[in-house]
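# Close look at the chain arrangement
What follows is each chain in one-letter form.
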Amino acid sequence: MNAPTSTDLDCVAIVDTTFGDVFSLIDGWRQRIEQYVATTAVDAAGIDALVETLVVPDLSRDGALIIGAGFVAQPGFIPDAPWHLAWWLGHANTFGVTGPAAPALRRLVAVEDEHSESFRDYTTLEWWRVPAATGERHITGPYVDYLCTDDYTLTSTMPAFRDGEMIGVVGADLYVNDIERTLLPAVRGTGRRAALVNASGRVVVASDSSRATGSLIRRGAWDEHRVVPCANGLALLVDD
Amino acid sequence: MPQSIRASTSAGAVVFAPLDGAGRAELVERRLTDAIVLGLLADGERLPSETEMAKRFGVATVTAREALEALRDKGLVDTRRGRDGGSFVTAGRDKTRSVLDARVRSLSRVELRDMGTYYSSIAGSCAALAADRVTDDDLERVRGIALVLDDDETAARRRQGVFQLEVAALSQSARLVREELRLQAEFAPLLWLWLREPEYRQRSLDARTAALDALADGDAESAREHTVTHVTGAIDWLLDTKTRLEDPA
């Protein structure tokens, strides 16, 4: 198909900046975590204290787009907590909050006992599996995250390493609502029928309201559109 | 983010969500009984303290105490004193079975049928939407979770619950997922009662397989139909069981 137009590229620049800002936060946390584990004997309390000091200021910032953030450990990496999540939920995250009280910034309570009947292996989930396989940044979703945000969510993750071995993933959650508000003007700015999709073709934001967020434009049908790649596996599909 | 790490993280949030209205002690008792019967609170598990429980349900401590007393009377909870004391779930299979049988008898046929109608319309819509919106990756993951035959009732119930929740999530509708969770908390103990019989654990596995095949084919109507038929079958069985309980002859 045709080469991208300048309005396509303007849109891609805004998309890449939006997710790039999120990943630069995550990358900052990742570096601090890697420095810490390179020089310190690892235990759950130490990791938790570190991750809390890293993510809480960014989750608390006014107008923060991220609504959850933290570090999820490679099984067995933390000797006293074989399966471990150091994950915090921001003020805007209403998960598990009922009634009129405003949610407070809080830690996600997750049961990590692999012998518990309801335990499931997080390393099979996309936000873990893909960055673990590729070593790259990955955006999972939009998906309904029924355990952590209770809402329609995008999760950005990247792997962290020690001596070349993966020690876990570092990441952050965003509400799709907020992303729509942020990116819809840019997608409309192409002046065409256009949709921002993830690597599977799931619609994140579309200019055309008949294309529901979460619906699929399957990869087999992508050559009907002008495909303009964005960073982190996203793509802008534009119709002339 | 950590989707699916522990289904009962959200189930747990539902179990202890605040209650309003009258008869709160009965509601607390009912919520905890359901959770015990469903295996969300496992045999031997320690319950939160009275004070903690009162806070989480949003009721007075005396109300939580009253509910615990009722559970003790039913033999579902045991309270021990001392340093390692507290209230512990003591639900054996026979006990949870008689609690459920009593509930089946107490509800009318029309209530049970209506429960199935409402649940199947939500679950059927989830499945139909999922058929349009599922990716191969999603399917592979849900197959891994759903296509296992359990030899134990509690595990079978949990698997059925997680499967329905995963299908709801595939619909991409946050509201449908929340409704599915709410309905599971309300109906699941009775709705999937047939999973106590090995024969019906196989039937449910066959139904999950058929629904997933329909999703793989992108066939929304077939996915809805398999889901509705599954629920209707479970309700038919429940009504037959009710008849047997009421008229053992």
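Residues numbered from 1 in each chain as written. Chains lettered and ligands numbered in written order. Predicted model: local features only at pLDDT ≥ 70, side-chain atom pairs only at ≥ 80, totals over all residues.

### Things to note about the overall build of chain B
Basically, it comes down to this: Numbering of helices and strands runs from the N terminus; a helix is a DSSP stretch of H or I covering at least four residues, while a strand is a stretch of E covering at least two. Only the C-alpha atoms count toward the radius of gyration. The rule for a globule is 2.2 Å times the residue count to the power 0.38. Here, residues touch in the contact sense if the C-beta positions derived from the backbone fall within 7 Å of one another.
If you tally the helices and strands in chain B, you get 11 helices and two strands. By the compact-globule yardstick of 18 Å for 249 residues, chain B fits well, its C-alpha radius of gyration being 19 Å. Dimensions along the principal axes, computed over C-alpha positions, put chain B at roughly 60 × 55 × 35 Å. For chain B, the share of sequence-separated contacts (at least 6 apart) that also reach a separation of at least 24 residues comes to 74%.

### Structural notes on the domain arrangement of chain A
All names here are of chain A. For clarity, the threshold we go by: What fixes the domain bounds is an automatic or database domain assignment. Here the term charged refers only to Asp, Glu, Lys and Arg, the term nonpolar to Ala, Val, Leu, Ile, Met, Phe, Trp, Tyr, Cys and Pro, and the term polar to all other amino acids, Gly among them.
Considered domain by domain, chain A is made up of domain 1 (13–177) and domain 2 (178–239). Using only C-alpha atoms to locate each centre, domain 1 and domain 2 end up separated by 26 Å. Between domain 1 and domain 2, the contact holds 18 residues from the first and 18 residues from the second. Elements with a contribution of two residues or more to the side of domain 1 that touches domain 2: α1 (6–39), β4 (138–145), β6 (165–175) and α4 (176–188). If one sorts the elements of the side of domain 1 that touches domain 2 by residue count, α1 sits on top with seven residues. Of the residues in the side of domain 1 that touches domain 2, the class split is 11 nonpolar, five polar and two charged.

### Some thoughts on the sheet that holds strand β9 (residues 226–229) of chain A
Residue and element names in this part refer to chain A. To keep it simple, the criterion reads: For two strands to count as paired, DSSP must find a minimum of two bridges between them. Note on geometry: axes are lines fitted to C-alpha atoms, helical ones only across the stretch in contact, with angles between N-to-C directions running from 0 to 180 degrees.
Pairing is antiparallel in the open sheet, where four strands are placed in the order β8-β7-β10-β9. Strand pairing shows two members of the sheet lacking a second neighbour, β8 (203–206) and β9, which therefore form its edges. For this sheet, the mean inter-axis angle between neighbouring strands, taken without regard to orientation, is 25 degrees. Sheet strands in contact with α1 are β7 (193–197), β9 and β10 (235–239), and its direction is about 155 degrees off that of β10. Sitting on the sheet, α4 is in contact with β7 and β8, with an inclination near 55 degrees to β8.

### What about the domain arrangement of chain B?
Residue and element names in this part refer to chain B. With domains assigned, chain B is organised as domain 1 (7–91) and domain 2 (98–246). In this structure, domain 1 and domain 2 have C-alpha centres spaced 26 Å apart. Contact with domain 1, which involves nine residues of that partner, is made by 12 residues of domain 2. Every element with two or more residues in the side of domain 1 that touches domain 2 is listed here: α1 (7–15) and α2 (24–38). Here the side of domain 1 that touches domain 2 gets four residues from one element, more than from any other, and that element is α2. Tallied by class, residues from the side of domain 1 that touches domain 2 come to four nonpolar, three polar and two charged.

### So, the sheet that holds strand β2 (residues 85–89) of chain A
The strands making up a sheet are joined through hydrogen bonds of the backbone, oriented either antiparallel or parallel. Residue and element names in this part refer to chain A. Strand order in the open sheet formed by six strands is β3-β2-β1-β6-β5-β4, and the pairing between neighbours is antiparallel. Across the chains shown, the open sheet's two edge strands, defined by having one partner strand only, are β3 (106–107) and β4. Both strand β5 (residues 151–162) and β6 contribute to a ladder of 10 bridges, which runs antiparallel. Across the sheet, residue Thr153 finds its bridge partner in β6, namely Tyr175. Against the sheet, helix α3 (residues 126–134) makes contact with β1 (66–73), β4, β5 and β6, and its axis sits at roughly 35 degrees relative to β5, the strand it touches most.

### Things to note about the nonpolar core
Selection rule: To form a nonpolar core, buried Ala, Val, Leu, Ile, Met, Phe, Trp, Tyr and Cys residues must be joined through C-beta atoms within 7 Å. Remark: C-beta atoms are placed from the backbone, and a residue is labelled buried if 20 or more other C-beta atoms sit within 10 Å of its own, exposed if 12 or fewer do, or partly exposed between those counts.
With 132 residues, the main nonpolar core has Val22(A), Leu174(A), Leu236(A), Ala127(B) and Ala130(B) as its most contacted residues. With residues near it in sequence (within four places) discarded, Val22(A) still touches Leu65(A), Ile66(A), Ser156(A), Ala172(A) and Leu174(A).

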